[in-house]
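# What the coordinates show
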Amino acid sequence: MNAPLAAQGKLASLKSSKVVFRLVGPVVATLSIAIYAIVVSLFVVPSNVDVSWLLTVGDRVLDGERLYVDIAEGNPPFSTWLYLPFLAMERLTGLSAEFWVSVGVAALAAASVCFSARILARTDEVLKRCVWIIPAAVFVVLFLFPPDFGQREQIAVIALLPWLALLSARDRTVDFRTGSTAERIVAGVGAGIFVMIKPPYSVLALALPALVIALQRRSLRPLFTTESVVGGILTVAYLIALAVFMQPFFAEVLPLLRQVYLPMRMPVMDMLMLWPIPMFAAMAGATLVMAYPGRPHRDAQILLLAGAAYVPAFVIMGKGWTYQALPFLTVGVLALMLQSIRLKPLRSLPPPSIFGAALGLFSILELVVLQQGLAFTQPRGDLDAAAVAVSRAIDHPTFMSIGSRLQAGNPLARMTGARVVARNPSAWMVNDARILVGLAQDPAQRLDLETLRRQYTAAIAGELAAKRPDIVVDDGTAEPRAPIPPIPLRDNIAIAKTLADYRPLLQNGSVTLLIRADVKARQ
């Protein structure tokens, strides 16, 4: 008589074990991925120069310096504000802001993916069964591009995901209504953050999916959801604050950017041939073919529309930097993943769907393997050697970079606990003006650029003479191998005069370090 009960008990125990594995497994995998990303970003990948500079700017702002007055920063203020919480945690705990960036971005990525999955899975049985897609999505969002970990564009994607998920969930309903008030507010704040990080380039990534759905439904409702209104209010408030309280940004920074930064862009055709765009096209094509003979699932469609709408921003910016491609490549991979879980069993798949699945798998593997390989092959020995040299020479030095671009000087200052006293992050505008002089056809334009180059060179020389930083950083020996080799600013007559009382401390491929001759060496 006990046999049936025992059998039922074993069956219940087996089901319970399956449920535990089904839930615990993805949680453990997600935590493992987050830990992997934190460890690699802190100890393997060289510190990102842009993140380091924005942390330096934020630190100086917290010390009372004025953005665009005491510090020349080329981005709107939200780029600086974005990192202030990590700097606040540094001051509260004594742990570095870089540590809090790693932990914070990992936590935000996991929370955003889980929050978005919860919204989508509420009425989707397929997603409820495919819980292992959550750790896979966390990996893609968190560490698809290890060298660009912590960049604003990565945080922007993390912030946008709930808005995209809610848009897709709304599209599943007849009346376009879904989500709790809290979900709508969170999604709206995330959309606002996405736009404020990269205005105005990022607007299309929200507008295109909403417009397509509005046209399909022949209704304006998709354009005026609660979350879109919340995001819009935040963005407008930010732009008003920028116009009212950040006048120096418009008076000093924007004219410089228009004159020497924006013109330094690659031709459109060259941009279109860079690998991120063909890679996204391959992933989009694979997603479309995988759905044959039908259409891609709405989740994948919305992600592809958002990604495609961000491609023009990448082309218009014309820099070709991988972190600027991160938003559309990330959503491209996520679209592939969400479409793949809709596939029928292999035996019943038509040949086009099999081809699409194979192309999608190949694209993801190629992207992931190449980018993860960069994490472990990108050299950081020059930077570590420079940090050791500075630390052995002096504690917490004052610091100034006169390099031709945003280079090792930014992370080096953070690594050594230096206090950056320069108004500009480097002498990038001098180098860019020199290149544009050689390219300019108009004599008046060449004269303007030459005047700007001389003005900024004189300003840097005056700043060096007035502030006399302990450490000065310039380009390393690898720079002459660039397509258009920079001329080290230390060779300029005015700069060389101000550096007469400095002696070489270290030179390698990445940096040249000069130390003031009267600085007493550490005992």
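Structure's up top.
As a starting point, this report considers the structure included with it. (Residues numbered from 1 in each chain as written. Predicted model: local features only at pLDDT ≥ 70, side-chain atom pairs only at ≥ 80, totals over all residues. Heavy atoms only, no water.)

In this structure, the amide linkage connecting proline 199 to the following residue, proline 200, adopts the cis form with an omega of -10 degrees. Among the secondary structure elements, proline 200 is positioned in the loop between α9 (181-197) and α10 (203-217). Between tyrosine 292 and proline 293 the backbone carries a cis peptide bond, its omega angle lying at 5 degrees. Looking at the element boundaries, proline 293 is found in the loop between α14 (276-290) and α15 (298-317). With a phi angle near 55 degrees, arginine 218 is a residue other than glycine that sits in the positive phi range. Note that arginine 218 resides in the loop between α10 and α11 (226-245). The exposure class assigned to arginine 218 is exposed, which follows from its relative accessible area of 82%. (Helix = DSSP H or I, 4+ residues; strand = E, 2+ residues; numbered from the N terminus. Buried < 20%, exposed > 50% of the residue type's maximum accessible area, 1.4 Å probe, protein only.)

Counted at 1.5 Å a residue, the expected span for α15 with its 20 residues is 28 Å, and the 29 Å between its end C-alpha atoms agrees. Phi turns positive, to about 70 degrees, at glycine 318, one or two residues after α15. (Expected span 1.5 Å × (residues − 1).)

Together, Val27, Leu31, Ile35, Val39 and Phe43 make up an exposed nonpolar region whose accessible area comes to about 510 Å². Structurally, valine 39 is set in helix α1 (residues 2-43). (Patch = residues over 30% accessible without salt bridge, like charges linked within 9 Å, V, L, I, M, F, W, Y side chains within 5 Å. Areas by Shrake-Rupley, 256 points an atom, 1.4 Å probe, with all protein chains shown as cover. Salt bridge = Lys/Arg side-chain N within 4 Å of Asp/Glu carboxyl O.)

Strands sit in the order β2-β1-β3-β5-β4 across an open sheet of 5 strands; the sheet is mixed. Looking at the sheet topology across the chains shown, the edges are occupied by β2 (419-420) and β4 (502-507). The strands touched by helix α18 (residues 381-393) are β3 (471-475), β4 and β5 (511-516); relative to β4, the strand with the most contacts, the crossing angle is about 140 degrees. On the sheet, helix α19 (residues 409-416) packs against β1 (398-401), β2, β3 and β5 and is oriented at approximately 170 degrees with respect to β1. (Pairing = 2+ DSSP bridges. Contact = heavy atoms within 4.5 Å. Axes fitted to C-alpha atoms, helices over the stretch in contact; angles between N-to-C directions.)

These results come straight from atomic positions and should not be treated as a statement about function.
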